[in-house]
Number of protein chains: 2
Amino acid sequence: MSRPTIADIAKRVGVSKGAVSFALNGRPGVSEATRARILQVAKEMNWRPHSAARALGGARAEAVGLVIARPASTLGVEPFFAHLLSGLQAGLSAQSVALHLLVVEDAEAEIEVYRGWASEHRVDGFVMVDLKVRDPRIEALEEVGVPTVVLGGPGRHGSLSSVWADDREAMLSVVDYLAALGHRRVAHVAGLPAFRHTQRRMRALRDSARRLGLVDAVSLPTDFSDAEGAAATRALLSRARRPTAIVYDSDVMALAGLGVAAEMRVRVPDEVSIVAFDDSVLTRIAHPSITALSRDTFALGRQVAEVLLEVIADPARHLDVKTATPRLVVRESTAAPGLGRDD
Amino acid sequence: MSRPTIADIAKRVGVSKGAVSFALNGRPGVSEATRARILQVAKEMNWRPHSAARALGGARAEAVGLVIARPASTLGVEPFFAHLLSGLQAGLSAQSVALHLLVVEDAEAEIEVYRGWASEHRVDGFVMVDLKVRDPRIEALEEVGVPTVVLGGPGRHGSLSSVWADDREAMLSVVDYLAALGHRRVAHVAGLPAFRHTQRRMRALRDSARRLGLVDAVSLPTDFSDAEGAAATRALLSRARRPTAIVYDSDVMALAGLGVAAEMRVRVPDEVSIVAFDDSVLTRIAHPSITALSRDTFALGRQVAEVLLEVIADPARHLDVKTATPRLVVRESTAAPGLGRDD
DNA sequence: TTGGGGTACTAAACCGCTCTAGTTGCCGGA
DNA sequence: TCCGGCAACTAGAGCGGTTTAGTACCCCAA
């Protein structure tokens, strides 16, 4: 026989549908004895709520949405993304909330999906990632009126809540560290300039260069791919006055850069130091292992989930959470310029 | 004002709810003129179907489920997984079907989620991954009665459809290649022995060793982590008669193995050749780059999605799709066993 | 003229659950 | 004895669609 409904339970126990509903939802209106009997029978019949029926009455969908506008084929490349997803899952599954995931072509399609899922009550909230410099999604999501947490900032996310890491401070700490080692020519292989965090990192490098008197502090934008990361590295290392340290905006690019250095017979860290934003297995198992800004993306994802659940519980709230600033994990890929020849 | 319903449209156009439903779903029962008028008004009012209401009536959920029983924190490590997810997305989003994703602790919880989502009509089908040797999930899913595609095989997935790659054939091709280069001592750093595909690879290595007269053809099981991959490599390279070639069950472990070799001053590929199952950026950007079995995981994911959509469309069907056998991409990490030749 | 059959449409049941507005029965107090 | 009040429970109206049964009307053949 097919799934039992509360009507079946009601008939069997000999009470009304309403009584069963009250009992199952733990609300007053039934005696303890009756409640126990109802729960017992519900269990025996292996009853489960029909989420659609609940949703019709205006209840929660018990799911949140994550829509990503990237070519699906590049998603897999980013350990960052996978970790974030894991963290989100961890935070959500604690409250048995599922994640509705969709990859679309562009921001326009993304906004369409927001509208659709919201009005179909498919989800209770959204997580928005890849905050752009002037981002049309912000306005769209505000209009849609569904609780949302933006991953990125600070600022520029309108009335939406956000969770952000201080990219500026992180970059400053990297440059300070390199400067303290004695580096004067620090280059930066950046990510997509359309991203807000890329801009903040580039600006931080410029500011620090001025403050510390560094020269040739240049940022080369890329698309985050290993190919462009390698190309940028090749360009930098081919310069007459090549940088003594390179900061990469992702672990994949740093690893690609390391490969290029080896191929060009530029020794790491003796002749060039390498630092990666974003830590992962990649930086640990590379040889030499790569000094990286470690930011526990898993925890970040979980935090995003928690904030979102809070905002869903009380839509009037507006949270703006700053996460721990990435911590620099020093490994074998950095050293004072021109020194060290321990190999 | 809140979302318009078909009743609102009906009132505005001056017809009944039923007529509106017929018009919006493109079924007979209304004249072309009326249909056009209804569609026009629906568009003006920016109407969207309420998925919960549809689901109540027994319609599709337009979503499929993927439940993974792994500690969420290890998910991100596997490029394989991320690629698979991307491919799934690509296949599903072509028909605007969303992916309901959940990470749970163990197989038991996984089965609970299958039961739950199925009876709540949250999804139209499931994708099952990580096929184990004697897998209780198979029976559970058959009982649940929701269209499912198992990633893995061949065989041992009951009445469920499946998509599988020939791991045996793949391993044979690797060993043949190594034997042809002159290798006689081939080791295998395997994955979790509970996985069916791990078993098949181990058996294939044993069979091939017998056929080709290889010695010391040993498989060391691991948990797929870079740590255990490194440890296994260290153990193998410390042997008195160490292997001249090592096959790794994942790209991450191969990269970790490469690191260990460098650290132990065992030259690759001069003293030991390295081959990875599963290709990704990692194997390409490593230095030296790693010879790998490339299997286009993205395409695999898309194929799974397509098969699932087919089975959902016609639940009576049973598909069993064998994907292209992984192709060996030779890079810098393999060569004839030159130095340290001591047979 | 009748009647059969097709088309275009309406009314209402139905899906499974929630929630409000009763209704019943019992108790205690005046 | 009557009545108010409360706890326990019932009846039934939604929620937003789909779908079935039924109706009104028209056309055409007998």
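All values reported here derive from a predicted model rather than from experimental measurement.

Student: Help me understand the pairing of strand S1 (residues 63-69) of chain B, please; the structure alone is not making it clear to me.
Tutor: Residue and element names in this part refer to chain B. Of all seven residues in S1, six are buried, a share of seventy percent or more. Pairing analysis gives seven bridges linking S1 to strand S2 (residues 98-104), with the strands arranged parallel. Its bridge partner lying in S2, Ile68 is registered against Val103. As paired strands, S1 and strand S3 (residues 125-128) are joined by three bridges and run parallel to one another. Across the sheet, residue Gly65 finds its bridge partner in S3, namely Phe126.

Student: Would you explain the sheet that holds strand S9 (residues 273-277) of chain B in this entry?
Tutor: Whenever strands of a sheet pair, they do so through backbone hydrogen bonds, lying parallel or antiparallel. All names here are of chain B. Read across the sheet, six strands follow the order S7-S6-S8-S9-S10-S12 without closing on themselves; strand pairing throughout is mixed. Two strands close off the open sheet at either side, each with one partner strand: strand S7 (219-220) and strand S12 (327-329). The sheet contact formed by strand S8 (residues 245-248) and S9 spans four bridges and is parallel. In the sheet register, Val247 faces S9, and the bridge partner there is Val275. Across the sheet, helix H9 (residues 167-181) lies against strand S6 (186-189), S8, S9, strand S10 (291-294) and S12, angled at about 165° from S9, the strand it touches most.

Student: What is the right way to read the protein's contact with DNA strand C from this model?
Tutor: By nearness alone, 25 residues border DNA strand C, and A:Ile6, A:Lys17, A:Arg54, B:Ser16 and B:Ser31 come closest of all. Separating a base nitrogen of DNA strand C from a side-chain N or O atom of A:Lys17 is a distance of 2.6 Å. A distance of 3.2 Å is found between a phosphate oxygen of DNA strand C and a side-chain nitrogen or oxygen belonging to A:Asn25. Within the surface near DNA strand C, the residues separate by chemical class into 10 nonpolar, 11 polar and four charged.

Student: Where do I start with the interface of chain A and chain B in this structure?
Tutor: Where interface size is given, it is often the accessible area lost as the parts come together that is meant. Contacts between the two partners involve 52 residues from chain A and, on the opposite side, 53 residues from chain B. Roughly 4300 Å² is buried in total at the junction of chain A and chain B, and carbon and sulfur atoms are behind 62% of that figure. In this structure, the connection of chain A to chain B is made through four salt bridges. For A:Arg48, the salt bridge goes to B:Glu112, with nearest N and O atoms at 3.1 Å. Summed over the shared surface of chain A and chain B, the result is nine residue pairs in polar contact (both at pLDDT 80 or more). Elements that contribute at least two residues to the side of chain A that touches chain B include exactly helix H4 (51-56), helix H5 (72-75), helix H6 (79-93), strand S2 (98-104), helix H7 (107-119), helix H12 (251-263) and helix H13 (281-285) of chain A. Top element by residues in the side of chain A that touches chain B is H6(A). It accounts for seven residues.

Student: What's the story with the relation of the copies chain A and chain B in this structure? I'm lost.
Tutor: Taken together, a rotation about one axis and a shift along it account for how the two chain copies relate. Take chain A, turn it by 180°, move it 0.0 Å along the axis, and it overlays chain B with an RMSD of 0.2 Å. What the superposition gives is, in effect, a two-fold axis relating one chain to the other. Both copies present the same face, since 100% of the interface residues in chain A are matched by interface residues at the equivalent positions in chain B.

Student: Whenever I open this one, the nonpolar core confuses me. Can you help?
Tutor: A general trend in soluble globular proteins is that nonpolar side chains are found buried together. Of all hydrophobic cores here, the largest spans 60 residues; its most connected members are A:Leu255, A:Ile290, B:Leu255 and B:Ile290. Leave out the neighbours within four places in its chain, and B:Leu255 touches A:Leu255, A:Ile285, B:Leu282, B:Ala286 and B:Ile290. Counting 53 residues, the second-largest nonpolar core is a separate cluster that includes A:Val97, A:Leu151, B:Val163 and B:Ile312.

Student: How do you make sense of the protein's contact with DNA strand D when you look at a structure like this?
Tutor: Taken together, 27 residues sit near DNA strand D, with A:Ser16, A:Ser31, A:Thr34, B:Ser21 and B:Arg54 positioned nearest. At 2.7 Å, a backbone N or O of A:Ser16 approaches a phosphate oxygen of DNA strand D. Within the contact set of DNA strand D, a phosphate oxygen lies 2.6 Å away from a side-chain nitrogen or oxygen of B:Ser21. Of all the secondary structure elements, the ones that give two or more residues to the surface near DNA strand D are helix H2 (17-24) of chain A together with helix H2 (17-24) and helix H4 (51-56) of chain B. With four residues, the single largest contributor to the surface near DNA strand D is H2(B).

Student: Teacher, can you tell me more about the packing of aromatic side chains here?
Tutor: As enumerated under the stated definition, the model contains four aromatic pairs over all chains in all. A centroid spacing of 4.7 Å and a plane angle of 70° characterise the contact between A:Tyr114 and A:Phe126, whose relative ring orientation is edge-to-face. Here the residue A:Tyr114 occupies a position in helix H7, and A:Phe126 occupies one in strand S3 (residues 125-128), the gap between them amounting to 12 residues. In this structure, A:Tyr114 and A:Phe126 share a single accessibility class: buried. Note on B:Phe195 and B:Phe224: the rings are 6.0 Å apart at their centroids and 35° apart in plane angle, and the pair reads as tilted. Highlighted residues: B:Phe195 in the loop between S6 and helix H10 (196-212) and B:Phe224 in the loop between S7 and helix H11 (226-238), separated in sequence by 29 residues. Over the ring of A:Phe277 we find A:Arg201, and its NZ or CZ is 3.7 Å from the ring centre.

Student: Sorry, what's going on with helix H8 (residues 136-144) of chain B here?
Tutor: Residue pairs three or four apart in sequence face the same way in an α-helix, which turns once every 3.6 residues. Residue and element names in this part refer to chain B. Considered for burial, the residues of H8 that qualify are Arg137, Ile138, Ala140 and Leu141. Buried residues in H8, looked at end-on, bunch into an arc of 170°, giving them a common side. Turned more than 90 degrees off the buried face of H8, the exposed positions are Glu139 and Glu143. One or two steps after H8, the chain reaches Gly145, where phi turns positive at roughly 75°.

Student: Just to check I follow, could you spell out the sheet that holds strand S10 (residues 291-294) of chain A for this structure?
Tutor: Residues and elements named next belong to chain A. Read across the sheet, six strands follow the order S7-S6-S8-S9-S10-S12 without closing on themselves; strand pairing throughout is mixed. In this open sheet, the two strands that pair with only one neighbour each are strand S7 (219-220) and strand S12 (327-329). Relative to S7, strand S6 (residues 186-189) runs parallel, the two sharing two bridges. Residue His188 lies in a different strand from S7, and its bridge partner there is Ser219. On top of the sheet, helix H9 (residues 167-181) reaches S6, strand S8 (245-248), strand S9 (273-277), S10 and S12; it is set at about 165° to S9, its chief contact. Each of S6, S7 and S9 is contacted by helix H10 (residues 196-212), which is oriented at about 175° to S6, the strand it contacts most.

Calculation criteria
Residues numbered from 1 in each chain as written. Chains lettered and ligands numbered in written order. Predicted model: local features only at pLDDT ≥ 70, side-chain atom pairs only at ≥ 80, totals over all residues. Heavy atoms only, no water. Buried < 20%, exposed > 50% of the residue type's maximum accessible area, 1.4 Å probe, protein only. Helix = DSSP H or I, 4+ residues; strand = E, 2+ residues; numbered from the N terminus. Pairing = 2+ DSSP bridges. Contact = heavy atoms within 4.5 Å. Axes fitted to C-alpha atoms, helices over the stretch in contact; angles between N-to-C directions. Near = heavy atom within 4 Å. Polar contact = N/O pair within 3.5 Å; in protein donor to acceptor, adjacent residues only side chain to side chain. Nonpolar A, V, L, I, M, F, W, Y, C, P; charged D, E, K, R; others polar. Buried area = accessible area lost by both parts, 1.4 Å probe. Salt bridge = Lys/Arg side-chain N within 4 Å of Asp/Glu carboxyl O. Least-squares fit on C-alpha atoms with pLDDT ≥ 70 in both. Core = buried A, V, L, I, M, F, W, Y, C linked by side-chain atoms within 4.5 Å. Phe/Tyr/Trp six-rings, centres within 6.5 Å; stacked < 30°, edge-to-face > 60°. Lys NZ or Arg CZ within 6 Å of the ring centre and 35° of its normal. Arc of directions from axis to C-beta.

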